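# Structural characterization, general
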Amino acid sequence: ADCRYTCHQECRSLIQLDCRRPGPCQSQLSPESTLLPPCSQNATQTVEEEKPEPPTVQEIKQKIEKYNAKVTNCLLMKLNDDGTYTGFIKVHLKLRRPVTVPAGIRPQSIYDALKEVNLAEMTDKRTSFYLPLDAIKQLHISSTTTVSEVIQGLLKKFMVVDNPQKFALFKEMRKDGQVLFQKLPLTEYPLYLRLLAGPDTDVLSFVLKENETGEVEWDAFSIPELQNFLMILDKEEKDKIQQVHRKYERFKQRLQQTLKEARGKPG
């Protein structure tokens, strides 16, 4: 309840955290525990990062002018009177699993788009198919458009009826010859990231992928929690080694018994 520690139910008996202690080191172990060394004050103190001040309208205007000067096509950003701005982003679709779409309906027309007709809601029939790998979709969005709205907009354009929570938007960056992916929070503003990075997609691009909910975000855990994970993994490793040793010990005994019984017999 205090330190929000999480572990498997079968591992509960192995964890000995004393969350009742006051101070910044609330996940410190009790004195009799030998699971982990006591954590230090410096290890558990969290420093709150100061959030940068939002840019002023004048700063946004300067950034947009600098951005548009680098644009080689007609996909410029435009500043509105209220301080918001609009522009374009390209999203690469890298979906490994099939998506669910309505079956047997016609493609969306311009009339449907203007009237915001959702063809997916006009039929209960469903089918699944694979979207072309690494297809690219260009979106015209606002500076107030969030990642969540971008995902929902992409699914609507492709008439995908799967839950939007199954998908996540990543930013892809290239640095020192490596390709790095970072999952964006649903409240992030993609157009602002595009503005800061500039129009070069080699510097920054957006990718729609499956939301791997099973992926562990290790940065979200404290040092004592990570040390407990190492202890549990070490125990599991030792148990596995013992199982392998017992398996081959039994095989060795049967082999020796067979050789012993075969002694003196021809062939």
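So, a few notes on the structure that sits alongside this text. None of the values given here were measured: they were computed from a predicted structure.

What follows covers the packing of aromatic side chains. The final tally for this structure, using the stated rule, is 0 aromatic pairs. Geometry around Phe158 places Lys137 over its ring, the cationic atom sitting 5.9 Å from the centre. Sitting over the ring of Phe170, Lys209 keeps its end group 5.1 Å from the ring centre.

In this section: helix H2 (residues 57–70). In this model, H2 (14 residues) spans 20 Å end to end at C-alpha, consistent with the 20 Å of a helix rising 1.5 Å per residue. Of all the positions in H2, only Ile60, Ile64 and Tyr67 are classed as buried. Relative to the axis of H2, the buried residues are bounded by an arc of 65° and lie together on one face. For H2, exposure combined with an orientation more than 90 degrees from the buried face picks out Lys66 and Ala69. Buried residues in H2 make contact with strand E1 (78–79), strand E2 (85–93) and helix H5 (190–197).

Summed over all chains, the structure comprises 5 salt bridges. One salt bridge connects Lys166 with Asp162, and the closest N-O pair in it is separated by 3.6 Å. Owing to a relative accessible area of 46%, Lys166 belongs among the partly exposed residues under this scheme. In this structure, Arg174 and Glu172 form a salt bridge, with 3.1 Å as the shortest nitrogen-oxygen distance. You can call Glu172 buried: its relative accessible area is 5%. One salt-bridge network, in which partners are shared between bridges, spans Lys94, Glu172 and Arg174.

A few words on the nonpolar core. Counting residues in hydrophobic clusters, the biggest one holds 30 residues, and the most contacted among them are Ile89, Val91, Phe167, Leu169, Phe206 and Leu208. Contributions of two or more residues to this core are made by H2, E2, strand E3 (99–102), strand E5 (135–142), helix H4 (147–157), strand E6 (167–175), H5 and strand E8 (205–210). A total of 5 residues in this core trace back to one element, the largest contributor, which is H4. Residues within four places of Leu169 in sequence aside, it is in contact with Val91, Val147, Val150, Ile151, Gln182, Lys183, Leu184, Pro190, Phe206, Val207 and Leu208.

Along H5, the residues classified as buried are Pro190, Leu191, Leu193, Arg194 and Leu195. If you follow the buried residues of H5, they end up packed against H2, E2, E5, H4, E6 and E8. Phi turns positive, to about 90°, at Gly198, one or two residues after H5.

Take Ser205: it is sitting in strand E8. Discounting residues that sit within four places of it in the chain, Ser205 has contacts with His92, Phe170, Lys171, Glu172, Arg174 and Arg194.

What follows covers the side chain of Arg194. With respect to the secondary-structure elements, Arg194 resides in helix H5. Buried within the structure, Arg194 lacks any salt-bridge partner; its nearest side chain of opposite charge belongs to Asp200, at an N-O separation of 6.6 Å. Setting aside anything within four residues of it in sequence, one finds Arg194 in contact with Tyr67, Met77, Phe88, Ile89, Pro199, Asp200, Thr201, Leu204, Ser205 and Phe206.

Here E6 runs beside E8; their pairing, made up of 6 bridges, is antiparallel. Among the inter-strand pairings, Glu172 is bridged to a residue of E8, identified as Ser205. Where E6 meets strand E7 (residues 178–183), 6 bridges bridge the pair, whose relative direction is antiparallel. Opposite Phe170, over in E7, you have Lys183 as the bridge partner. Where E6 hands over to E7, the hairpin turn is made up of 2 residues, of which Asp176 adopts a positive phi near 55°.

What counts as what
Residues numbered from 1 in each chain as written. Predicted model: local features only at pLDDT ≥ 70, side-chain atom pairs only at ≥ 80, totals over all residues. Heavy atoms only, no water. Phe/Tyr/Trp six-rings, centres within 6.5 Å; stacked < 30°, edge-to-face > 60°. Lys NZ or Arg CZ within 6 Å of the ring centre and 35° of its normal. Helix = DSSP H or I, 4+ residues; strand = E, 2+ residues; numbered from the N terminus. Expected span 1.5 Å × (residues − 1). Buried < 20%, exposed > 50% of the residue type's maximum accessible area, 1.4 Å probe, protein only. Arc of directions from axis to C-beta. Contact = heavy atoms within 4.5 Å. Salt bridge = Lys/Arg side-chain N within 4 Å of Asp/Glu carboxyl O. Core = buried A, V, L, I, M, F, W, Y, C linked by side-chain atoms within 4.5 Å. Lys, Arg positive; Asp, Glu negative; His and termini not counted. Pairing = 2+ DSSP bridges.

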